[in-house]
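Listed here are the chains, written in short residue letters.
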Amino acid sequence: MTAVLAVGSRQNTAERWERRVHLGAHPVLYPVIRGLGGLRPVLRLPGVGVLVSEAGLVREVLMNQELFVKNGPSGSGALWTPVVGRKALVNMDGEEHRLLRRRLGDLFTPRSVEGIVEPAAVVLKNRVHAGFEAHGRVDLVDCVKELAGGVISRLLGVPEDAPGRLADRELFDLGSSISSLVRLGRPTLTERQVAKGKSAVAILAGPVRTAYRESDPDTFPGRLRELGMSEDEAMGIISAFVMVGTETLVSFVPRLVALLADSGRLSELAGDRSAVPAAVNEALRFTVPSPMMLRDAVADGAIGGTKVRAGDRILLSTIHAAKSLGGFDPSQATPQQARQLWFGAGPHFCIGMPLAMAEINTTLDLLLDLYAQRPWHIAGRHVSRGVLIPGYRKLELANA
Ligand code: HEM
């Protein structure tokens, strides 16, 4: 009985911290979106749009490109065009987008993912080991930012010994300065924001263009050239990766680790890695690092029996669709309609998923190896406030 109570209380701690993470980012909107989602699966909100909160219906909208587009006037795609140009995947639709995605089909082979993530993982490992050895503690958020920066550096094709090479952490900050320009409820960027975004992209563009022109297939830009991309297309794709792929990852990895620690699952996972994939998948479902997707209706139609009209803004509440399926429980199977919905569905499904999974698994493996040698615990944490993507600002791990 006491053991059951202890497990229940750990579970509550884990879920309470997740709630704090969401409330830190969106103190008003999070409860409102969850509350509205609980009322009806599809709800018209006058002056705002049509809110869709059920997994099967969210998927249905994402799969229907005839009726719902990403690059419409209020969707998130068009926002980026003045900063990164017209061909950045996130701001494309229809045949043009489909053809580009098809050409990128073989982009992330296991070998290419390893070539990008492994060097960054070595830096991560050294940093975590050094932190524990010197101070008995590390800030995981800081470490994951550096990992993400290392991945950006490989995506840009920056040679290790390039003179004036930006440090991995500086590259992360540069990428983050672009993605953080977006704010909820603001469908366009101001002139100042566009100028800021463009100057960050211009810094990233230098190494990309050099690597592209040198055409070395061991670099990511060189590989894009090999796949038939023009220099500008390669630049657009890489900018999209930097913008879309960094914040979600830095949001998710610390939350995954906190969920596993808070719910008392670390020692079991450190001893039996076969349970890791289910735990990661369930943590993705429960945290939903990309909580909302936007689309524009381009013709009249319906979502789950609710009429929509051309011009309607569609708000896809992945956060409610996934979280309403229950508490954090890696032993439960994800219902079919919700599977991988946190990576999207249909034509815009996350192209960076193999890279994201490699970064997630590398970090978790490293931390579980360390835990098996000498257990660590969460010694302190702060949630981020007023940000678009919820997450921890600091998550300090310390040796017991
Ligand atoms: C846990 C980490 C991640 C999550 C949860 C995530 C989630 C998503 C979601 C939900 C979408 C679809 C958006 C929509 O349809 O409106 C998406 C698209 C995309 N993701 Fe990810 N992502 C992650 C990591 C990454 C990484 C590491 C990269 C690359 C470095 C990346 C690159 C992209 C790109 C380029 C797209 C746009 C694809 C297109 O429009 O065709 N993502 N991601």
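First, a word on what this report is: a plain description of the structure on this page. (Residues numbered from 1 in each chain as written. Predicted model: local features only at pLDDT ≥ 70, side-chain atom pairs only at ≥ 80, totals over all residues. Heavy atoms only, no water.)

Some points on a nonpolar patch on the surface
A cluster of nonpolar side chains, namely Val 28, Leu 29 and Val 32, defines an oily patch on the protein surface of about 250 Å² accessible area. Classification of Val 32 by relative accessible area gives partly exposed; the value is 39%. (Patch = residues over 30% accessible without salt bridge, like charges linked within 9 Å, V, L, I, M, F, W, Y side chains within 5 Å. Areas by Shrake-Rupley, 256 points an atom, 1.4 Å probe, with all protein chains shown as cover. Salt bridge = Lys/Arg side-chain N within 4 Å of Asp/Glu carboxyl O. Buried < 20%, exposed > 50% of the residue type's maximum accessible area, 1.4 Å probe, protein only.)

As for the pairing of strand S2 (residues 49–52)
Bridge analysis of strand S1 (residues 42–45) against S2 gives four bridges, and the strand direction is antiparallel. Counterpart to Leu 45 in the pairing with S2 is Gly 49. Between S1 and S2, which pair antiparallel one after the other, the connecting turn spans three residues, and Gly 47 there sits at a positive phi close to 80°. As defined by bridge partners, S2 adjoins strand S8 (residues 313–316) across three bridges and the pair is classed as parallel. Along S8, the bridge assignment pairs Val 50 with Ile 314. (Pairing = 2+ DSSP bridges. Helix = DSSP H or I, 4+ residues; strand = E, 2+ residues; numbered from the N terminus.)

With respect to the site of the ligand
For the ligand, the set of nearby residues contains 24 residues, the closest of which are Lys 70, Arg 101, Arg 295, His 348 and Cys 350. With respect to the ligand, the side chain of Arg 101 contributes an N or O atom lying 2.7 Å from an oxygen atom. The side chain of His 348 places a nitrogen or oxygen atom 2.6 Å from an oxygen atom of the ligand. Going through the elements one at a time, helix H5 (94–103), helix H11 (231–262), strand S5 (293–297) and helix H15 (353–373) are the ones with two or more residues in the shell around the ligand. The element best represented in the shell around the ligand is H11, accounting for four residues. Across the shell around the ligand, the residue classes break down as 13 nonpolar, seven polar and four charged. (Near = heavy atom within 4 Å. Polar contact = N/O pair within 3.5 Å; in protein donor to acceptor, adjacent residues only side chain to side chain. Nonpolar A, V, L, I, M, F, W, Y, C, P; charged D, E, K, R; others polar.)

Concerning the packing of aromatic side chains
Tallied over the full model, the rule gives seven aromatic pairs. Where Phe 108 meets Phe 241, the ring centres are 5.7 Å apart and the plane angle is 25°; that geometry is what we call stacked. Of the two residues, Phe 108 sits in the loop between H5 and helix H6 (110–135) while Phe 241 sits in helix H11, which places them 133 residues apart along the sequence. Since its relative accessible area comes to 14%, Phe 108 is described here as buried. Among the residues examined, Phe 241 registers a relative accessible area of 12% and is labelled buried. Taking the centre distance of 5.5 Å and the plane angle of 85° together, the rings of Tyr 371 and Trp 376 count as edge-to-face. (Phe/Tyr/Trp six-rings, centres within 6.5 Å; stacked < 30°, edge-to-face > 60°.)

That's the geometry; what it means functionally is another story.
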